[in-house]
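Listed below are the residues making up each chain.
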Amino acid sequence: NYLITSDKFKMKKVLIKNKLPTANFQYFRTGREKIMKGLRYPLLVKLTLDHCSIGLDTDSLAHTEADLKSLVMLKIADYQEPVLAEEFLPGRELQVTVINTLHGPQVLPPAEIKYLNKKYKFLTYKGRWDEEHHDFKSTSVIPARLREHERNEIRKMALKTFSALKFRDYAR
């Protein structure tokens, strides 16, 4: 459903309702909201209504409450839309594609994003789209090496997510 998935806040609410894992977060509409207790830093501040890493750069990580307040206000002012501050989860980043076939949704083999940059491990806008930028050159997508039980768990989560978000045709 495009209306749900085009808004990260609405999408996260559906994931939570369906008991699917998602990083802890706070939604900011104005930037003047009181910061929730219990959020673990660093927090990745991202636009709520844009995709394809728009608005994500190397300065999108907040390491303190002061960083968070400043970054939230800056992103809201620059992009004129709400933002999410989401706990940054260390570890591997996998991409999982689900396609709808005549036999129902099928999960394709997962891919993994590999980062050569040791300072931050998330895909910036320039890392995704600017072929001349060092972030682009230091990121690659490779087949994910997974154990059988990891593949099975990912497959189950991908299918449950596909269903919960009412996807059709394909999703990643």
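Every value quoted in this text rests on a predicted model; they were computed, and no experiment measured them.

1. A few points about the overall build of the protein
Part 1 of the reasoning: Looking only at helices and strands, the protein has six helices and ten strands in total.
Part 2 of the reasoning: The C-alpha radius of gyration computed for the protein amounts to 17 Å, which stays within 12% of the reference 16 Å derived for 172 residues, consistent with globular compactness.
Part 3 of the reasoning: Overall, the C-alpha framework of the protein stretches about 50 × 35 × 25 Å when taken along its three principal axes.
Part 4 of the reasoning: Looking at the protein residue by residue over its 172 residues, the buried ones come to 40%.
Part 5 of the reasoning: For the protein, contacts bridging at least 24 residues in sequence account for 64% of all contacts bridging at least 6.
Part 6 of the reasoning: Roughly 11200 Å² of accessible area belongs to the protein as shown, and the carbon and sulfur atoms make up 55% of that amount.
Part 7 of the reasoning: Of the charged side chains in the protein, 31 are positive and 21 negative; the average position of the first set lies 7 Å away from that of the second.

2. A few points about the pairing of strand S8 (residues 111-115)
Part 1 of the reasoning: The element S8 is extensively covered by neighbouring structure, given that four of its five residues are classed as buried.
Part 2 of the reasoning: Relative to S8, strand S5 (residues 93-95) is paired through three bridges, and the arrangement is antiparallel. Pairing of Leu94 across the sheet is with Glu112, part of S8.
Part 3 of the reasoning: Here five bridges tie S8 to strand S9 (residues 139-143), and the two strands are oriented antiparallel to one another. If you follow Glu112 over to S9, its bridge partner there is Ile142.

3. Concerning unusual backbone geometry
Most peptide bonds are trans, and most residues other than glycine sit at a negative phi.
Part 1 of the reasoning: With an omega dihedral of 5 degrees, the bond running from Tyr41 to Pro42 counts as a cis peptide bond.
Part 2 of the reasoning: Topologically, Pro42 is positioned in the loop between strand S1 (25-28) and strand S2 (43-47).
Part 3 of the reasoning: With a phi angle near 60 degrees, Asp169 is a residue other than glycine that sits in the positive phi range.
Part 4 of the reasoning: With respect to the helices and strands, Asp169 occurs in the loop between helix H6 (148-164) and strand S10 (170-171).

4. A short note on the side chain of Ser60
Part 1 of the reasoning: By the element assignment, Ser60 lies in the loop between S2 and strand S3 (61-62).
Part 2 of the reasoning: Among the residues examined, Ser60 registers a relative accessible area of 0% and is labelled buried.

5. A closer look at the environment of Ala171
Part 1 of the reasoning: Relative to the helices and strands, Ala171 is located in strand S10.
Part 2 of the reasoning: The spacing of Ala171 and Pro90 is 81 residues in sequence and 23 Å in space, taken between C-alpha atoms.
Part 3 of the reasoning: Every residue in contact with Ala171, bar those within four places of it in the chain, is listed here: Val96, Thr97, Val98 and Phe162.

6. Remarks on the sheet that holds strand S6 (residues 98-101)
Part 1 of the reasoning: Strand order in this open sheet of three strands is S7-S6-S10, and the pairing throughout is antiparallel. At either end of the open sheet lies a strand with only one pairing partner, and these are strand S7 (104-107) and S10.
Part 2 of the reasoning: Here S6 runs beside S10; their pairing, made up of two bridges, is antiparallel. The residue of S10 that forms the bridge with Val98 is Ala171.
Part 3 of the reasoning: Its contacts with the sheet place H6 against S6, S7 and S10, and it is angled at close to 140 degrees to S7.

7. Quick notes on the nonpolar core
Part 1 of the reasoning: In this structure, Phe28, Val45, Leu68, Val72, Val83 and Ala85 are the most contacted members of the largest nonpolar core, which totals 13 residues.
Part 2 of the reasoning: Of all the secondary-structure elements, those providing two or more residues to this core are S2, helix H3 (65-79) and strand S4 (83-87).
Part 3 of the reasoning: Take this core: its biggest share by element is four residues, from H3.
Part 4 of the reasoning: In this structure Val72 touches Phe28, Gly31, Val45 and Val83, once residues within four positions along its chain are discounted.
Part 5 of the reasoning: With eight residues, the next largest nonpolar core counts Val96, Val98, Leu146 and Phe162 among its residues.

Conventions we followed
Residues numbered from 1 in each chain as written. Predicted model: local features only at pLDDT ≥ 70, side-chain atom pairs only at ≥ 80, totals over all residues. Heavy atoms only, no water. Helix = DSSP H or I, 4+ residues; strand = E, 2+ residues; numbered from the N terminus. Rg over C-alpha atoms; globule rule 2.2 N^0.38 Å. Buried < 20%, exposed > 50% of the residue type's maximum accessible area, 1.4 Å probe, protein only. Contact = heavy atoms within 4.5 Å. Areas by Shrake-Rupley, 256 points an atom, 1.4 Å probe, with all protein chains shown as cover. Lys, Arg positive; Asp, Glu negative; His and termini not counted. Charge placed at Lys NZ, Arg CZ, Asp CG, Glu CD. Pairing = 2+ DSSP bridges. Axes fitted to C-alpha atoms, helices over the stretch in contact; angles between N-to-C directions. Core = buried A, V, L, I, M, F, W, Y, C linked by side-chain atoms within 4.5 Å.

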